[in-house]
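Examination of the molecular architecture
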Amino acid sequence: MSDKLAAVILAAGQGTRMKSKLAKVLHPVAGKPMIEYAVETAQFAGVEKPVVVVGHQSDQVRALLGDRVIFAEQSAQLGTGDAVKCARAALEADAGHVLVFYADMPLFKPATMRALVEKHLACQATLTMLTVIADDTMSFGRIVRDANGQTVRIVEEVEATPQELGIKEINPGVYCFRAQWLWENLQALKPSAKKGEYYLTDLLGMAVGQGARVETETIEDVSQCIGINNRVQLALAEKIMRERIRERVMLDGVTLVDPASIFIDADVEIGQDTVILPNTHLQGKTRIGQECKIGPNAIILDSVIGDTCSIGPSVMEFATLEDHVDMGPFCHLRPGAYLSRHVHLGNYAEVKKSRLGEGVHMGHFSYLGDTEVGAHSNIGAGTITCNYDGKQKNRTVIGENVFIGSDSMLVAPVTIGDHARTGAGAVVTKDVPSNSLAVGMPARVIRKWNAGNE
Ligand code: UD1
Ligand code: MG
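I will try to describe carefully the structure that is included in this document.

About the cut-offs
- Residues numbered from 1 in each chain as written.
- Chains lettered and ligands numbered in written order.
- Predicted model: local features only at pLDDT ≥ 70, side-chain atom pairs only at ≥ 80, totals over all residues.
- Heavy atoms only, no water.
- Helix = DSSP H or I, 4+ residues; strand = E, 2+ residues; numbered from the N terminus.
- Rg over C-alpha atoms; globule rule 2.2 N^0.38 Å.
- Buried < 20%, exposed > 50% of the residue type's maximum accessible area, 1.4 Å probe, protein only.
- Contact = heavy atoms within 4.5 Å.
- Areas by Shrake-Rupley, 256 points an atom, 1.4 Å probe, with all protein chains shown as cover.
- Lys, Arg positive; Asp, Glu negative; His and termini not counted.
- Charge placed at Lys NZ, Arg CZ, Asp CG, Glu CD.
- Pairing = 2+ DSSP bridges.
- Phe/Tyr/Trp six-rings, centres within 6.5 Å; stacked < 30°, edge-to-face > 60°.
- Lys NZ or Arg CZ within 6 Å of the ring centre and 35° of its normal.
- Salt bridge = Lys/Arg side-chain N within 4 Å of Asp/Glu carboxyl O.
- Near = heavy atom within 4 Å.
- Polar contact = N/O pair within 3.5 Å; in protein donor to acceptor, adjacent residues only side chain to side chain.
- Arc of directions from axis to C-beta.

Here the focus is the overall build of the protein chain. Along the protein chain, the regular secondary structure elements total 8 helices and 40 strands. Its C-alpha atoms give the protein chain a radius of gyration of 30 Å, more than 25% over the compact-globule value 22 Å for 454 residues. Once the C-alpha set of the protein chain is aligned to its principal axes, its extents read approximately 95 × 50 × 50 Å. Burial status across the protein chain gives 49% buried among its 454 residues. Long-range contacts, defined here as pairs at least 24 residues apart, represent 41% of the contacts in the protein chain between residues at least 6 apart. Carbon and sulfur atoms provide 51% of the accessible area of the protein chain, an area that totals close to 21,100 Å². Considering the protein chain, the positive charge centre built from 45 side chains and the negative charge centre built from 53 side chains are found 6 Å apart.

Another aspect to go through is the sheet that holds strand E29 (residues 355-356). With parallel pairing, 9 strands are arranged side by side in an open sheet as E15-E18-E21-E24-E27-E29-E31-E34-E37. Two strands lie at the open edges of the sheet, namely strand E15 (269-270) and strand E37 (414-416), each paired on one side alone. Relative to E37, strand E34 (residues 396-398) runs parallel, the two being bridged by 3 bridges. From the neighbouring strand, Thr-396 faces E37, where its bridge partner is Val-414.

So, about the packing of aromatic side chains. The description of an aromatic ring pair uses the distance of the two centres, along with the angle that the planes make with each other. The full count for this structure, using the stated rule, is 5 aromatic pairs. Note on Tyr-102 and Tyr-175: the rings are 6.2 Å apart at their centroids and 70 degrees apart in plane angle, and the pair reads as edge-to-face. On the criterion of sequence distance, the pair formed by Tyr-102 in strand E6 (residues 97-102) and Tyr-175 in strand E11 (residues 174-178) is long-range, its members being 73 residues apart. Each member of the pair, Tyr-102 together with Tyr-175, is buried. Taken together, a centroid distance of 5.5 Å and an interplanar angle of 5 degrees make the contact between Tyr-348 and Phe-365 stacked. Of this pair, Tyr-348 sits in strand E28 (residues 344-352) while Phe-365 sits in strand E30 (residues 361-369), placing them 17 residues apart in sequence. In this structure, Arg-421 packs its charged tip against the face of Phe-403, placed 4.7 Å from the ring centre.

Our next topic: the pattern of salt bridges. Evaluated as defined, the whole model comprises 19 salt bridges. Between Asp-265 and Arg-242 there is a salt bridge whose closest N-O contact spans 3.2 Å. Linking Asp-265 in the loop between strand E14 (263-264) and E15 with Arg-242 in helix H8 (residues 231-251), this pair joins segments that are 23 residues apart in sequence. Like Arg-242, Asp-265 is buried. Between Arg-334 and Glu-350 there is a salt bridge, with the nearest N and O atoms lying 2.6 Å from each other. With Arg-334 in the loop between strand E26 (332-333) and strand E27 (338-339) and Glu-350 in strand E28, this pair connects stretches of sequence that are 16 residues apart. Its relative accessible area of 26% is what places Glu-350 among the partly exposed residues. Each member of the salt-bridge network shares a partner with another, and the members are Lys-32, Glu-40, Asp-267 and Lys-285.

Attention now moves to the site of ligand 1. In the vicinity of ligand 1, 21 residues are found, and the nearest of them are Gln-74, Thr-80, Tyr-102, Glu-156 and Asn-171. Between Gly-79 and ligand 1, the recorded distance is 2.8 Å, taken from a backbone N or O atom to an oxygen atom. In the model, an oxygen atom of ligand 1 is placed 2.6 Å from a nitrogen or oxygen of the Asn-171 main chain. When isolated, ligand 1 has an accessible area of 750 Å², and the protein chains bury 86% of it. Those elements giving two or more residues to the shell around ligand 1 turn out to be strand E1 (5-11) and helix H3 (80-87).

The next thing to look at is helix H7 (residues 202-209). Where H7 is concerned, the buried positions are Leu-203, Leu-204, Met-206 and Ala-207. Buried residues of H7 fall within an arc of 165 degrees about the axis and therefore sit on the same side. Just past H7, the residue Gly-211 takes up positive phi, approximately 75 degrees.

Structure, rendered in C-alpha coordinates:
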(Lines give C-alpha, C1' and ligand atoms only; values in the text may rest on other atoms or scores of the structure.)
(Ligands and ions follow the chains in the order given, each with its own letter.)
Protein backbone atom coordinates (compact mmCIF):
# COMPACT_ATOMS: atom_id res chain seq x y z
CA MET A 1 0.00 0.00 0.00
CA SER A 2 1.25 3.49 -0.84
CA ASP A 3 2.37 5.86 1.88
CA LYS A 4 1.01 8.79 -0.09
CA LEU A 5 -0.80 11.31 2.08
CA ALA A 6 -4.07 13.00 1.14
CA ALA A 7 -5.92 15.63 3.17
CA VAL A 8 -9.59 16.39 3.66
CA ILE A 9 -10.66 19.76 5.05
CA LEU A 10 -14.26 19.92 6.23
CA ALA A 11 -15.94 23.20 5.39
CA ALA A 12 -19.53 22.39 4.45
CA GLY A 13 -21.23 23.42 7.69
CA GLN A 14 -23.61 26.33 7.79
CA GLY A 15 -21.80 28.48 10.33
CA THR A 16 -25.20 29.72 11.58
CA ARG A 17 -23.80 31.34 14.69
CA MET A 18 -21.62 33.73 12.68
CA LYS A 19 -24.88 35.40 11.50
CA SER A 20 -23.24 36.39 8.24
CA LYS A 21 -23.77 36.46 4.50
CA LEU A 22 -20.12 35.54 4.15
CA ALA A 23 -19.29 31.84 4.44
CA LYS A 24 -17.78 31.20 7.88
CA VAL A 25 -14.50 29.89 6.54
CA LEU A 26 -13.99 33.04 4.48
CA HIS A 27 -13.99 35.33 7.50
CA PRO A 28 -10.46 36.67 7.82
CA VAL A 29 -8.13 36.09 10.73
CA ALA A 30 -5.18 38.51 10.66
CA GLY A 31 -6.22 39.57 7.17
CA LYS A 32 -6.43 36.09 5.68
CA PRO A 33 -9.55 33.95 5.17
CA MET A 34 -9.66 31.09 7.67
CA ILE A 35 -9.78 28.45 4.95
CA GLU A 36 -6.41 29.64 3.61
CA TYR A 37 -4.75 28.60 6.85
CA ALA A 38 -6.23 25.14 6.49
CA VAL A 39 -5.00 24.80 2.92
CA GLU A 40 -1.50 25.98 3.85
CA THR A 41 -1.40 23.58 6.77
CA ALA A 42 -2.27 20.66 4.52
CA GLN A 43 0.41 21.74 2.08
CA PHE A 44 2.96 22.01 4.88
CA ALA A 45 2.08 18.47 5.91
CA GLY A 46 3.01 17.39 2.39
CA VAL A 47 -0.30 17.44 0.50
CA GLU A 48 -0.15 19.63 -2.57
CA LYS A 49 -3.87 19.68 -3.33
CA PRO A 50 -6.13 18.96 -0.38
CA VAL A 51 -9.78 18.06 -0.83
CA VAL A 52 -12.11 20.71 0.59
CA VAL A 53 -15.63 19.52 1.38
CA VAL A 54 -18.06 22.35 0.70
CA GLY A 55 -21.82 22.73 1.01
CA HIS A 56 -23.25 25.96 2.37
CA GLN A 57 -22.15 29.03 0.39
CA SER A 58 -19.87 26.75 -1.57
CA ASP A 59 -19.73 29.16 -4.51
CA GLN A 60 -17.88 31.69 -2.33
CA VAL A 61 -15.33 29.11 -1.21
CA ARG A 62 -14.84 27.84 -4.75
CA ALA A 63 -14.32 31.37 -6.04
CA LEU A 64 -11.58 32.02 -3.48
CA LEU A 65 -9.64 28.78 -3.79
CA GLY A 66 -10.11 28.01 -7.47
CA ASP A 67 -7.94 25.18 -8.68
CA ARG A 68 -5.56 25.29 -5.73
CA VAL A 69 -7.63 22.53 -4.13
CA ILE A 70 -9.97 19.74 -5.14
CA PHE A 71 -13.60 20.32 -4.19
CA ALA A 72 -16.10 17.76 -2.98
CA GLU A 73 -19.72 18.74 -2.51
CA GLN A 74 -21.78 17.65 0.49
CA SER A 75 -25.35 18.47 -0.47
CA ALA A 76 -26.94 17.86 2.94
CA GLN A 77 -24.99 18.39 6.15
CA LEU A 78 -25.48 15.01 7.74
CA GLY A 79 -22.42 15.22 9.96
CA THR A 80 -18.65 15.14 9.85
CA GLY A 81 -18.55 11.41 9.05
CA ASP A 82 -20.80 11.94 6.06
CA ALA A 83 -18.67 14.89 4.95
CA VAL A 84 -15.53 12.72 4.77
CA LYS A 85 -17.51 10.14 2.78
CA CYS A 86 -18.23 12.84 0.21
CA ALA A 87 -14.48 13.36 -0.28
CA ARG A 88 -13.76 9.77 -1.14
CA ALA A 89 -14.41 9.95 -4.88
CA ALA A 90 -12.28 13.08 -5.21
CA LEU A 91 -9.27 11.51 -3.56
CA GLU A 92 -6.62 9.99 -5.67
CA ALA A 93 -7.08 6.27 -5.73
CA ASP A 94 -3.56 5.70 -4.53
CA ALA A 95 -3.74 7.72 -1.28
CA GLY A 96 -2.40 5.54 1.51
CA HIS A 97 -3.27 7.83 4.43
CA VAL A 98 -5.75 10.62 4.90
CA LEU A 99 -5.32 13.64 7.16
CA VAL A 100 -8.71 15.04 8.16
CA PHE A 101 -9.37 18.31 9.95
CA TYR A 102 -11.87 21.16 10.18
CA ALA A 103 -11.66 24.46 8.37
CA ASP A 104 -12.84 26.58 11.26
CA MET A 105 -9.73 26.12 13.40
CA PRO A 106 -7.07 28.41 11.92
CA LEU A 107 -4.75 28.49 14.92
CA PHE A 108 -3.23 25.03 14.50
CA LYS A 109 0.45 25.41 13.84
CA PRO A 110 1.38 23.62 10.63
CA ALA A 111 4.23 21.91 12.49
CA THR A 112 1.70 20.31 14.86
CA MET A 113 -0.08 18.58 12.02
CA ARG A 114 3.13 17.55 10.35
CA ALA A 115 4.32 15.97 13.60
CA LEU A 116 1.02 14.06 13.82
CA VAL A 117 1.45 12.72 10.30
CA GLU A 118 5.03 11.69 11.03
CA LYS A 119 3.97 9.84 14.16
CA HIS A 120 1.16 8.12 12.25
CA LEU A 121 3.50 6.90 9.54
CA ALA A 122 6.24 5.90 11.98
CA CYS A 123 3.79 3.86 14.08
CA GLN A 124 2.00 2.36 11.07
CA ALA A 125 -1.20 3.19 12.96
CA THR A 126 -4.73 2.81 11.67
CA LEU A 127 -5.76 6.05 13.32
CA THR A 128 -3.61 8.73 14.93
CA MET A 129 -5.30 11.76 16.43
CA LEU A 130 -4.52 14.89 18.41
CA THR A 131 -5.88 15.42 21.87
CA VAL A 132 -5.53 18.35 24.24
CA ILE A 133 -6.12 18.74 27.96
CA ALA A 134 -8.04 21.87 28.81
CA ASP A 135 -9.94 23.29 31.78
CA ASP A 136 -12.35 24.97 29.40
CA THR A 137 -13.65 22.05 27.39
CA MET A 138 -15.26 24.38 24.79
CA SER A 139 -18.09 21.92 24.00
CA PHE A 140 -15.57 19.62 22.32
CA GLY A 141 -15.90 15.86 22.19
CA ARG A 142 -14.35 14.11 25.21
CA ILE A 143 -11.70 11.40 24.95
CA VAL A 144 -12.79 8.38 26.98
CA ARG A 145 -9.95 6.18 28.24
CA ASP A 146 -10.01 2.90 30.16
CA ALA A 147 -8.38 2.16 33.52
CA ASN A 148 -5.05 1.53 31.76
CA GLY A 149 -5.18 4.87 30.00
CA GLN A 150 -5.95 3.28 26.62
CA THR A 151 -8.32 5.26 24.38
CA VAL A 152 -11.77 3.75 24.15
CA ARG A 153 -13.89 6.23 22.16
CA ILE A 154 -14.86 9.85 21.72
CA VAL A 155 -18.14 11.03 23.13
CA GLU A 156 -19.71 14.21 21.78
CA GLU A 157 -20.78 16.72 24.41
CA VAL A 158 -24.49 16.45 23.58
CA GLU A 159 -24.36 12.68 24.00
CA ALA A 160 -22.14 12.60 27.10
CA THR A 161 -23.12 11.43 30.58
CA PRO A 162 -22.51 13.85 33.49
CA GLN A 163 -19.47 11.80 34.38
CA GLU A 164 -18.06 11.97 30.85
CA LEU A 165 -18.66 15.71 30.79
CA GLY A 166 -16.07 15.97 33.56
CA ILE A 167 -13.29 14.62 31.28
CA LYS A 168 -10.68 17.28 30.53
CA GLU A 169 -9.02 15.56 27.59
CA ILE A 170 -10.81 16.80 24.49
CA ASN A 171 -10.84 16.27 20.76
CA PRO A 172 -9.50 19.18 18.70
CA GLY A 173 -10.49 17.34 15.53
CA VAL A 174 -7.28 16.43 13.72
CA TYR A 175 -7.02 12.83 12.56
CA CYS A 176 -4.79 10.76 10.34
CA PHE A 177 -6.33 7.54 9.00
CA ARG A 178 -5.07 4.62 7.01
CA ALA A 179 -7.06 5.25 3.85
CA GLN A 180 -8.34 1.78 3.13
CA TRP A 181 -9.56 1.32 6.71
CA LEU A 182 -11.24 4.74 6.60
CA TRP A 183 -13.24 4.00 3.44
CA GLU A 184 -14.36 0.60 4.71
CA ASN A 185 -15.45 1.85 8.11
CA LEU A 186 -17.12 5.12 7.09
CA GLN A 187 -19.81 2.92 5.50
CA ALA A 188 -20.52 1.39 8.89
CA LEU A 189 -21.17 4.67 10.75
CA LYS A 190 -24.62 4.88 12.31
CA PRO A 191 -26.56 8.11 12.94
CA SER A 192 -26.01 9.40 16.47
CA ALA A 193 -28.69 8.92 19.11
CA LYS A 194 -29.49 12.56 19.89
CA LYS A 195 -28.64 14.54 16.74
CA GLY A 196 -29.01 11.85 14.11
CA GLU A 197 -25.70 12.89 12.53
CA TYR A 198 -22.94 10.65 11.24
CA TYR A 199 -20.09 11.42 13.61
CA LEU A 200 -16.58 11.06 12.29
CA THR A 201 -15.52 10.71 15.89
CA ASP A 202 -17.29 7.34 16.21
CA LEU A 203 -14.45 5.89 14.14
CA LEU A 204 -12.16 5.90 17.17
CA GLY A 205 -14.42 3.54 19.07
CA MET A 206 -14.73 1.33 15.98
CA ALA A 207 -10.94 1.13 15.55
CA VAL A 208 -10.44 0.25 19.21
CA GLY A 209 -13.21 -2.38 19.01
CA GLN A 210 -11.45 -4.02 16.08
CA GLY A 211 -8.14 -4.07 17.93
CA ALA A 212 -6.60 -1.76 15.35
CA ARG A 213 -3.62 0.36 16.27
CA VAL A 214 -4.72 3.77 17.58
CA GLU A 215 -2.25 6.47 18.58
CA THR A 216 -2.86 9.82 20.23
CA GLU A 217 -0.63 12.84 20.35
CA THR A 218 -1.48 15.17 23.21
CA ILE A 219 -0.55 18.80 22.74
CA GLU A 220 -0.31 21.29 25.58
CA ASP A 221 -0.95 24.51 23.72
CA VAL A 222 -4.72 24.93 24.00
CA SER A 223 -4.57 28.18 22.02
CA GLN A 224 -4.02 26.17 18.84
CA CYS A 225 -7.36 24.48 19.30
CA ILE A 226 -9.75 27.39 19.30
CA GLY A 227 -12.60 26.71 16.91
CA ILE A 228 -14.55 29.58 15.44
CA ASN A 229 -18.31 29.35 15.60
CA ASN A 230 -19.23 32.96 16.43
CA ARG A 231 -17.70 36.41 16.26
CA VAL A 232 -16.51 36.35 19.86
CA GLN A 233 -14.35 33.34 19.06
CA LEU A 234 -13.30 35.04 15.83
CA ALA A 235 -12.03 38.03 17.81
CA LEU A 236 -10.16 35.75 20.20
CA ALA A 237 -8.50 33.87 17.35
CA GLU A 238 -7.59 37.19 15.76
CA LYS A 239 -5.93 38.36 18.97
CA ILE A 240 -3.90 35.19 19.35
CA MET A 241 -2.84 35.14 15.71
CA ARG A 242 -1.76 38.79 15.80
CA GLU A 243 0.31 38.21 18.92
CA ARG A 244 2.04 35.30 17.19
CA ILE A 245 2.80 37.41 14.14
CA ARG A 246 4.21 40.26 16.22
CA GLU A 247 6.41 37.85 18.11
CA ARG A 248 7.65 36.27 14.90
CA VAL A 249 8.63 39.56 13.26
CA MET A 250 10.35 40.84 16.41
CA LEU A 251 12.37 37.63 16.66
CA ASP A 252 13.29 38.17 12.99
CA GLY A 253 14.90 41.51 13.87
CA VAL A 254 12.12 44.08 13.45
CA THR A 255 11.53 46.68 16.17
CA LEU A 256 7.89 47.20 17.10
CA VAL A 257 7.38 50.23 19.30
CA ASP A 258 4.30 49.47 21.41
CA PRO A 259 3.60 46.09 19.74
CA ALA A 260 0.02 45.82 20.95
CA SER A 261 -0.94 48.86 18.87
CA ILE A 262 0.57 47.47 15.67
CA PHE A 263 -1.50 45.23 13.37
CA ILE A 264 0.39 43.02 10.96
CA ASP A 265 -1.43 40.66 8.63
CA ALA A 266 -0.32 37.06 8.32
CA ASP A 267 1.38 37.34 4.92
CA VAL A 268 3.27 40.59 5.50
CA GLU A 269 7.08 40.43 5.24
CA ILE A 270 9.37 42.91 6.97
CA GLY A 271 13.15 43.21 6.68
CA GLN A 272 15.69 43.36 9.46
CA ASP A 273 16.24 46.58 11.45
CA THR A 274 13.03 48.13 10.24
CA VAL A 275 11.24 50.08 12.97
CA ILE A 276 7.46 50.12 13.09
CA LEU A 277 5.95 52.92 15.16
CA PRO A 278 2.64 52.74 17.04
CA ASN A 279 -0.82 52.46 15.51
CA THR A 280 0.46 51.17 12.22
CA HIS A 281 -1.48 48.66 10.13
CA LEU A 282 0.40 46.49 7.66
CA GLN A 283 -2.10 44.62 5.56
CA GLY A 284 -2.47 42.01 2.84
CA LYS A 285 0.69 40.93 1.09
CA THR A 286 2.72 44.01 1.95
CA ARG A 287 6.51 43.59 1.76
CA ILE A 288 8.83 46.01 3.53
CA GLY A 289 12.60 46.06 3.15
CA GLN A 290 15.36 46.57 5.69
CA GLU A 291 16.11 49.62 7.82
CA CYS A 292 12.85 51.39 7.11
CA LYS A 293 10.93 53.57 9.52
CA ILE A 294 7.18 53.19 9.23
CA GLY A 295 4.51 55.18 11.07
CA PRO A 296 3.21 56.14 13.49
CA ASN A 297 -0.33 55.81 12.16
CA ALA A 298 0.52 54.39 8.76
CA ILE A 299 -1.94 52.12 6.93
CA ILE A 300 -0.27 50.08 4.21
CA LEU A 301 -2.18 47.58 2.10
CA ASP A 302 -0.72 45.20 -0.49
CA SER A 303 2.30 47.40 -1.17
CA VAL A 304 6.00 46.85 -1.74
CA ILE A 305 8.54 49.05 0.02
CA GLY A 306 12.29 48.92 -0.61
CA ASP A 307 15.13 49.36 1.88
CA THR A 308 15.78 52.47 3.97
CA CYS A 309 12.45 54.15 3.34
CA SER A 310 10.80 56.48 5.79
CA ILE A 311 7.01 56.70 5.83
CA GLY A 312 5.19 59.07 8.15
CA PRO A 313 1.48 58.81 8.98
CA SER A 314 0.12 57.96 5.54
CA VAL A 315 -2.09 55.58 3.61
CA MET A 316 -0.78 53.33 0.83
CA GLU A 317 -2.74 50.83 -1.25
CA PHE A 318 -1.24 48.66 -3.99
CA ALA A 319 1.75 50.99 -4.33
CA THR A 320 5.46 50.36 -4.88
CA LEU A 321 8.43 52.21 -3.41
CA GLU A 322 12.03 51.64 -4.42
CA ASP A 323 14.84 52.21 -1.86
CA HIS A 324 15.45 55.49 0.00
CA VAL A 325 12.00 56.96 -0.50
CA ASP A 326 10.73 59.30 2.17
CA MET A 327 7.17 60.41 2.38
CA GLY A 328 4.64 61.93 4.68
CA PRO A 329 3.07 62.92 6.82
CA PHE A 330 -0.40 62.54 5.36
CA CYS A 331 0.27 61.16 1.92
CA HIS A 332 -2.11 58.89 0.06
CA LEU A 333 -0.65 56.48 -2.44
CA ARG A 334 -3.39 54.80 -4.41
CA PRO A 335 -3.26 51.74 -6.68
CA GLY A 336 -0.49 51.87 -9.25
CA ALA A 337 1.62 54.55 -7.57
CA TYR A 338 5.31 53.77 -8.23
CA LEU A 339 8.01 55.86 -6.54
CA SER A 340 11.60 55.34 -7.68
CA ARG A 341 14.72 55.71 -5.53
CA HIS A 342 15.15 58.86 -3.50
CA VAL A 343 11.69 60.22 -4.25
CA HIS A 344 10.54 62.68 -1.62
CA LEU A 345 6.86 63.35 -0.96
CA GLY A 346 6.07 65.95 1.66
CA ASN A 347 2.69 66.43 3.27
CA TYR A 348 -0.66 65.96 1.58
CA ALA A 349 0.54 64.34 -1.62
CA GLU A 350 -1.82 62.03 -3.48
CA VAL A 351 -0.50 59.80 -6.23
CA LYS A 352 -2.54 57.36 -8.31
CA LYS A 353 -1.46 55.13 -11.20
CA SER A 354 1.67 57.18 -11.74
CA ARG A 355 5.38 56.54 -11.98
CA LEU A 356 7.74 59.03 -10.40
CA GLY A 357 11.36 58.83 -11.55
CA GLU A 358 14.44 58.86 -9.37
CA GLY A 359 14.78 61.82 -7.03
CA VAL A 360 11.46 63.47 -7.85
CA HIS A 361 10.40 65.98 -5.19
CA MET A 362 6.80 66.82 -4.47
CA GLY A 363 6.72 68.79 -1.27
CA HIS A 364 3.19 69.92 -0.55
CA PHE A 365 -0.52 69.52 -1.40
CA SER A 366 -0.44 67.93 -4.83
CA TYR A 367 -2.26 65.34 -6.90
CA LEU A 368 -0.70 63.26 -9.63
CA GLY A 369 -2.97 60.79 -11.44
CA ASP A 370 -2.19 58.77 -14.60
CA THR A 371 1.15 60.52 -14.82
CA GLU A 372 4.75 59.76 -15.63
CA VAL A 373 7.39 62.03 -14.12
CA GLY A 374 11.03 61.88 -15.25
CA ALA A 375 13.98 61.82 -12.88
CA HIS A 376 14.84 64.83 -10.71
CA SER A 377 11.78 66.86 -11.55
CA ASN A 378 10.21 69.11 -8.94
CA ILE A 379 6.47 69.27 -8.48
CA GLY A 380 5.55 72.60 -6.86
CA ALA A 381 3.05 73.00 -4.04
CA GLY A 382 -0.55 72.66 -5.08
CA THR A 383 0.12 71.10 -8.48
CA ILE A 384 -2.81 69.12 -9.84
CA THR A 385 -3.01 66.85 -12.84
CA CYS A 386 -6.51 67.42 -14.23
CA ASN A 387 -6.69 63.86 -15.49
CA TYR A 388 -10.45 63.43 -15.76
CA ASP A 389 -12.44 65.27 -18.39
CA GLY A 390 -15.80 64.05 -17.18
CA LYS A 391 -15.76 61.03 -19.46
CA GLN A 392 -12.34 59.45 -19.30
CA LYS A 393 -8.95 59.56 -17.61
CA ASN A 394 -6.11 61.15 -19.59
CA ARG A 395 -2.36 60.91 -19.18
CA THR A 396 0.18 63.52 -18.23
CA VAL A 397 3.83 63.09 -19.13
CA ILE A 398 6.44 65.22 -17.38
CA GLY A 399 10.04 64.91 -18.55
CA GLU A 400 13.29 64.92 -16.60
CA ASN A 401 14.57 67.87 -14.59
CA VAL A 402 11.28 69.71 -15.05
CA PHE A 403 10.23 72.42 -12.61
CA ILE A 404 6.47 72.61 -12.20
CA GLY A 405 5.60 75.92 -10.50
CA SER A 406 3.27 76.06 -7.51
CA ASP A 407 -0.41 75.68 -8.22
CA SER A 408 0.07 74.58 -11.82
CA MET A 409 -2.94 72.84 -13.34
CA LEU A 410 -1.82 70.30 -15.92
CA VAL A 411 -4.86 69.59 -18.06
CA ALA A 412 -4.41 66.11 -19.50
CA PRO A 413 -3.64 64.79 -22.01
CA VAL A 414 -0.53 66.93 -21.89
CA THR A 415 3.24 66.55 -22.11
CA ILE A 416 5.87 68.74 -20.47
CA GLY A 417 9.29 68.32 -22.10
CA ASP A 418 12.63 67.78 -20.33
CA HIS A 419 14.06 70.81 -18.51
CA ALA A 420 10.83 72.77 -19.06
CA ARG A 421 9.33 75.03 -16.37
CA THR A 422 5.84 76.26 -15.62
CA GLY A 423 5.15 79.46 -13.72
CA ALA A 424 3.11 79.62 -10.54
CA GLY A 425 -0.58 79.25 -11.25
CA ALA A 426 -0.09 78.16 -14.85
CA VAL A 427 -3.02 76.34 -16.41
CA VAL A 428 -1.34 74.15 -18.98
CA THR A 429 -3.68 72.94 -21.70
CA LYS A 430 -1.14 72.37 -24.48
CA ASP A 431 2.16 70.50 -24.61
CA VAL A 432 5.20 72.42 -23.39
CA PRO A 433 8.36 71.74 -25.40
CA SER A 434 11.68 70.93 -23.71
CA ASN A 435 13.70 73.78 -22.25
CA SER A 436 10.68 76.14 -22.40
CA LEU A 437 8.88 78.23 -19.81
CA ALA A 438 5.06 78.27 -19.82
CA VAL A 439 3.12 80.80 -17.75
CA GLY A 440 -0.32 82.19 -17.71
CA MET A 441 -4.03 82.18 -17.31
CA PRO A 442 -4.15 85.38 -15.19
CA ALA A 443 -7.58 86.11 -13.68
CA ARG A 444 -9.64 88.58 -15.74
CA VAL A 445 -12.81 90.53 -14.91
CA ILE A 446 -15.43 89.12 -17.25
CA ARG A 447 -18.67 90.78 -16.13
CA LYS A 448 -20.29 92.91 -13.45
CA TRP A 449 -21.62 91.17 -10.41
CA ASN A 450 -24.41 92.55 -8.25
CA ALA A 451 -24.85 90.32 -5.26
CA GLY A 452 -28.30 91.74 -4.31
CA ASN A 453 -29.77 91.46 -7.80
CA GLU A 454 -29.37 87.86 -9.00
C1 UD1 B 1 -16.47 18.48 16.05
C2 UD1 B 1 -16.17 17.11 16.63
C3 UD1 B 1 -15.83 17.26 18.10
C4 UD1 B 1 -14.64 18.17 18.22
C5 UD1 B 1 -14.92 19.53 17.57
C6 UD1 B 1 -13.68 20.35 17.53
C7 UD1 B 1 -17.56 15.58 15.35
C8 UD1 B 1 -18.77 14.74 15.36
N9 UD1 B 1 -17.33 16.26 16.46
O10 UD1 B 1 -17.63 18.98 16.69
O11 UD1 B 1 -15.53 16.00 18.66
O12 UD1 B 1 -14.34 18.36 19.59
O13 UD1 B 1 -15.35 19.35 16.21
O14 UD1 B 1 -13.99 21.62 16.99
O15 UD1 B 1 -16.83 15.59 14.38
N16 UD1 B 1 -18.95 19.91 8.66
C17 UD1 B 1 -19.19 19.51 7.39
N18 UD1 B 1 -20.32 18.77 7.14
C19 UD1 B 1 -21.18 18.42 8.12
C20 UD1 B 1 -20.91 18.83 9.43
C21 UD1 B 1 -19.78 19.57 9.68
O22 UD1 B 1 -18.44 19.80 6.47
O23 UD1 B 1 -22.17 17.75 7.81
C24 UD1 B 1 -17.74 20.70 8.92
C25 UD1 B 1 -18.04 22.09 9.46
O26 UD1 B 1 -18.10 23.02 8.41
C27 UD1 B 1 -16.86 22.37 10.38
C28 UD1 B 1 -16.42 20.97 10.82
O29 UD1 B 1 -16.98 20.05 9.92
O30 UD1 B 1 -15.79 22.99 9.70
C31 UD1 B 1 -16.83 20.62 12.24
O32 UD1 B 1 -18.24 20.64 12.34
P33 UD1 B 1 -18.97 21.20 13.61
O34 UD1 B 1 -20.42 21.09 13.39
O35 UD1 B 1 -18.42 22.52 13.98
O36 UD1 B 1 -18.53 20.09 14.68
P37 UD1 B 1 -18.44 20.30 16.22
O38 UD1 B 1 -19.78 20.19 16.81
O39 UD1 B 1 -17.65 21.50 16.53
MG1 MG C 1 -17.12 23.36 15.45
